[in-house]
Structure formats: structure tokens, C-alpha cells
Amino acid sequence: MKDKILDKLIKEEVKRQQKTINLIPSENYASSEILEVMGSVLMNKYSEGYPGKRYYPGNKIYDQIELLAQERIRKLFNLGKNWHINVQPYSGSPANLAVYFSLIDFGESIMGMRLDAGGHLTHGHRVNFSGRAYKAIQYGVDLGDGLLNYDEIERLAEQRQPKIIVSGATAYPREIDFKKIGKIARRIGAYHVADISHIAGLVSAGEHPSPFNDCDVVTLTTHKTLRGPRAAIIICREDLADRIDRSVFPGIQGGPHNNQIAAIALMAFQNSQPDFKSYQKQVLKNAQILAETLQDKGIKLVTNGTDNHLMIIDLKSLDLSGKEAEKILEQAGITANRNSVPGDMSPQNPSGIRLGTPAITTRGMKEEEVRQIAGWISDLLLKKSKPVAVKKQVDILCNKFPLEY
Ligand code: DSN
């Protein structure tokens, strides 16, 4: 690259990714092939519209790529023709906003999970478009056990009559009962939108109950457990297809990012290979071992464990803030992000740390390495070990599991 400054920065970032243990549950390592497609000539084209109905010439290839992506996603999630697939959303937030924009009017109400309970900003948080353009009703978890209380969700839904109920989370370590939420939504005549961004890989591999029988619309991002490009997908009941499509384009977005759409097609191809299911099983196994080992060592987890790929350390009893713990771990070469625990009042000063296993599992790490990592985390947070000493061991482990870049 002629731009030496940027070239150096990218090389430094490759090194950082090689030399750190990434436990951020929403991140992963896309394959070199996915990166190649993302950086391909497909990026050069405008294709506003949909296959066969474009507003620009020269789109024959892009029509084929978009249809290929749709059909492969249909197969990946084992969906019939009663589902419509839109692969154009740039990312998860615009996907959710496009769904609300298509289903209800501004000022009507949506009900989603609170941020401190594990919900996403776009599930109705007051600083987000979803909480400002719509009347947001927020459900949480029980402060005692940290679990979703479906009776309470039902009571709130019946009392407030939202037009949309959003299920799904970014920081909830347990299975979500889509069936129960679907039932509540049907009873009050609301749409049920399931945001499965975090667990999409688990769902497609049959390792988390699927929402498809119990909802009207599913949104998901493709770069987390699915290991694809930074992009998103909306899957909706066929009778909602026109509304959803019109809402994505021209409602929210302009030209689709064709490189992302092609990379979605490639991701679905890669995830149709036999090793995809074993990868998802290992993600879960690694999460179980991480949670068990941390707890054995005296670290408290929200809900006392996990059913999925992530967990939240509750730091309240340790006299350590989320920010401080995040910094200590980072100094030791372990990347994990601070996160609210149920009941936290300020997202700026959360009292938890969120950990997940998708990225280390992609690197090939298994039970033995996960136990080692859990030991380092507890040494750092409980025994106040020196981060520089742990960093040396982290370097050795990272060298044993090189990334393919
Ligand atoms: N920011 C993502 C996460 O970290 O979970 C969700 O969009």
C-alpha cells in the first residue's frame, strides 16, 4: 500500500488481534475469503432497488448475487417459502429501525428489553431513535436471579398494549423463550420481532431454540456467532415482505452494499459445511467451562452461569468497577467489555464485564485453554496479579493459536 501511515496502522491492528485473547461476545474473526469479498470490486456498484427492479443499469450480476444470498440464508435457517428474506440492511441497528418503520407509525409503542437487563439500544432505549420516535415500554429481568420474568412481561404487555414486542438481547446469558413471548404478542395483537443477532449462529445450527414458529419478523447481524461480514438481515412473514422491503429501501437506506451481500452468500455457503455445527457446539462447551471455572474460583456471574455463548461477571462485591476491570484485563492482553448488570443505573459506569467464546473458538481454543484463561481472569480480578506477568502467558497462548491473516 502506498499510504504508509494507514498501512502501518492496519499492520498494528493485525498484530493486536493476533496477540490478544478476544472475549467480546459480539466479535469474531471472519475468514480471509470473507475479507476478500468485502474488499472486492463488488463495492463499486450502485444497485438501488431489488433484483429485477433496480434504479441503475449494469446490475445483472448483482441480481444473481442477491438472490443467491437470499436462497442460501433460507437454507441455513431451514425456512419455507412463507418467509421473505431481505439481505440489504447495512447493520443491525438500521435493520431494527427499518422493521419498526414498516410495521407501526411514529408515536406508537414498542416494548423491548432494558439496556441494564441485556437489551440493545434499538430495543427502545431513550437515547436511541427507537425510544424517541416511538413510545418505549421496557421490560427487565428479576433483580434476584437475573432471569426474564415472562409473567411480568405479560402483565406489562397487557397493561400497556404495545404494537410491537421485541425479544432478543445483547447481554442475556440464558435461553430466550420465544414461544412464550410469541404467545403474549398474539394475545394482545402485537407484532413479535425477534432480534437474534447474538445467537444467530446457535439458532441456525440448532443449538438454541428457533424463534421462527413464534414471531412475525426476525432480525440478525451476520458477523457475530455467524462469522460473516459486518451486515444484517431481516426475515419476515411473506405477507409483510413488501412493507419490509420498502422500509429498507427507499425508507431507511439508499444503495445496498453489494460486497456485504456477496459476503453474506459466502458466509451461508461456509456455514453449510459440516464443521459449522461442531464449531457452534464448541462455542457452547467453551462458554460452559469458562463459566464453571470462573465460579469455582469465586467469581460471581449474573444468573450464576450461562446457556449460550456469553456471560456477565458481576463485580459489585469486588470493589472494582466495570471500567477498571476492563482496563486490567486489556493490560494483560484479554479483551472483554464492561457491561451493565441488572439494576445498574448508569450505562457510563457499569458494574459488570461481559465475556463470550465465539472468537477464541474460531482460533481453535478448547477446554484446556479456556480453563487457563479463566484462571488468568480470576488471578487478575481476585488476586490482583500483575497484568504484565499474565500478558507474557497470554502471548504464548496466542502464538499457539495463530489467526489466518
Ligand atoms: N454492539 C453489539 C454488542 O456488542 O453486543 C450489539 O450491537
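Residues numbered from 1 in each chain as written. Predicted model: local features only at pLDDT ≥ 70, side-chain atom pairs only at ≥ 80, totals over all residues. Heavy atoms only, no water.

Participant: Would you mind showing me how to read the packing of aromatic side chains here?
Facilitator: Note on aromatic pairs: each is described by the distance of the centres and the angle between the planes. The final tally for this structure, using the stated rule, is nine aromatic pairs. Measuring from ring centre to ring centre gives 5.1 Å for W83 and F212, while their planes differ by 80 degrees; the resulting arrangement is edge-to-face. Residue W83 is found in strand β4 (residues 83-86), and its partner F212 is found in the loop between α8 (200-204) and β9 (217-221); the two are separated by 129 residues along the sequence. Residue W83 shares its accessibility class with F212, and that shared class is buried. Ring centres of F129 and Y134 lie 6.2 Å apart, and the angle between their planes is 75 degrees; on these two criteria the pair is classed as edge-to-face. Under the relative-accessibility criterion, F129 is labelled partly exposed at 35%. Each residue in the set Y100, F101, F106, F129 and Y134 is aromatic and connected to the rest through ring pairs, giving one cluster. (Phe/Tyr/Trp six-rings, centres within 6.5 Å; stacked < 30°, edge-to-face > 60°. Helix = DSSP H or I, 4+ residues; strand = E, 2+ residues; numbered from the N terminus. Buried < 20%, exposed > 50% of the residue type's maximum accessible area, 1.4 Å probe, protein only.)

Participant: Got a minute to help me understand the sheet that holds strand β8 (residues 191-195) in this structure?
Facilitator: In a beta sheet, neighbouring strands are held together by backbone hydrogen bonds and run either parallel or antiparallel to one another. Overall, mixed pairing links the seven strands, which are arranged β4-β10-β9-β8-β7-β5-β6 in an open sheet. Only two strands of the sheet have a single neighbouring strand rather than two, namely β4 and β6 (135-139). Taking each pair of neighbouring strands and ignoring which way they run, the sheet shows an average axis angle of 20 degrees. Pairing between strand β5 (residues 109-113) and β6: five bridges, direction parallel. Its bridge partner lying in β6, S109 is registered against K135. Each of β5, β7 (164-167), β8, β9 and β10 (232-237) is contacted by helix α4 (residues 92-103), which is oriented at about 165 degrees to β9, the strand it contacts most. (Pairing = 2+ DSSP bridges. Axes fitted to C-alpha atoms, helices over the stretch in contact; angles between N-to-C directions. Contact = heavy atoms within 4.5 Å.)

Participant: How do you make sense of the pairing of β10 when you look at a structure like this?
Facilitator: In summary, the side chains of a regular strand alternate between the two faces of the sheet. Across the six residues that make up β10, a large majority, five, are buried. Bridge count for β4 against β10 is four bridges, and the pairing is antiparallel. In the sheet register, N86 faces β10, and the bridge partner there is I234. With five bridges joining them, β9 and β10 adopt antiparallel strand pairing. Each residue of the ladder has a partner; that of V217, found in β10, is C236.

Participant: Quick question: what am I supposed to make of the site of the ligand here?
Facilitator: The environment of the ligand is made up of S26, H120, T170, H198, K224 and R354. One of the side-chain N or O atoms of S26 is found 2.7 Å from an oxygen atom in the ligand. At 2.7 Å from an oxygen atom of the ligand is found a side-chain nitrogen or oxygen belonging to R354. In terms of residue class, the shell around the ligand is built from no nonpolar, four polar and two charged. (Near = heavy atom within 4 Å. Polar contact = N/O pair within 3.5 Å; in protein donor to acceptor, adjacent residues only side chain to side chain. Nonpolar A, V, L, I, M, F, W, Y, C, P; charged D, E, K, R; others polar.)

Participant: Where do I start with a nonpolar patch on the surface in this structure?
Facilitator: There is a patch of nonpolar side chains on the surface, built from M1, I5, L6, L9, I10, V14, L35 and Y405 and spanning about 730 Å² of accessible area. Inspection of the secondary structure assignment puts L6 in helix α1 (residues 4-19). (Patch = residues over 30% accessible without salt bridge, like charges linked within 9 Å, V, L, I, M, F, W, Y side chains within 5 Å. Areas by Shrake-Rupley, 256 points an atom, 1.4 Å probe, with all protein chains shown as cover. Salt bridge = Lys/Arg side-chain N within 4 Å of Asp/Glu carboxyl O.)

Participant: Please explain the side chain of H198 as it appears in this structure.
Facilitator: Take H198: it is sitting in the loop between β8 and α8. Every residue in contact with H198, bar those within four places of it in the chain, is listed here: P25, S26, A169, T170, K224, T225, H309, L310 and R354.

Participant: What's the story with the nonpolar core in this structure? I'm lost.
Facilitator: In a soluble, globular protein the nonpolar side chains are often hidden away together inside. Ranked by size, the top nonpolar core spans 60 residues in total, and within it I73, F77, L148, I196, L220 and I235 carry the most contacts. It is helix α10 (residues 258-270) that provides the largest number of residues to this core, a total of eight residues. Those residues in contact with F77 that lie beyond four places of it in its chain are I196, A200, V203, S204, F212, L220, L226 and I235. Counting 35 residues, the second-largest nonpolar core is a separate cluster that includes I299, L315, I328 and M365. (Core = buried A, V, L, I, M, F, W, Y, C linked by side-chain atoms within 4.5 Å.)

Participant: Please explain the pattern of salt bridges as it appears in this structure.
Facilitator: Oppositely charged side chains can form a pair if their charged atoms are brought close together. Applying the stated criterion to the full structure yields 24 salt bridges. Across the salt bridge formed by K277 and E207, the nearest N and O atoms sit 3.3 Å from each other. Of this pair, K277 sits in helix α11 (residues 275-296) while E207 sits in the loop between α8 and β9, placing them 70 residues apart in sequence. Residue classification places K277 among the partly exposed positions, given a relative accessible area of 37%. K285 is the partner of E367 in a salt bridge, and the nearest nitrogen-oxygen pair spans 3.9 Å. A residue pair is termed long-range when its members are at least 10 positions apart, and E367 in helix α14 (residues 367-381) and K285 in helix α11 qualify at 82 residues. Overall, the relative accessible area of 22% leaves E367 in the partly exposed class. Exposure remark for K285: the relative accessible area of 43% places this residue in the partly exposed category.

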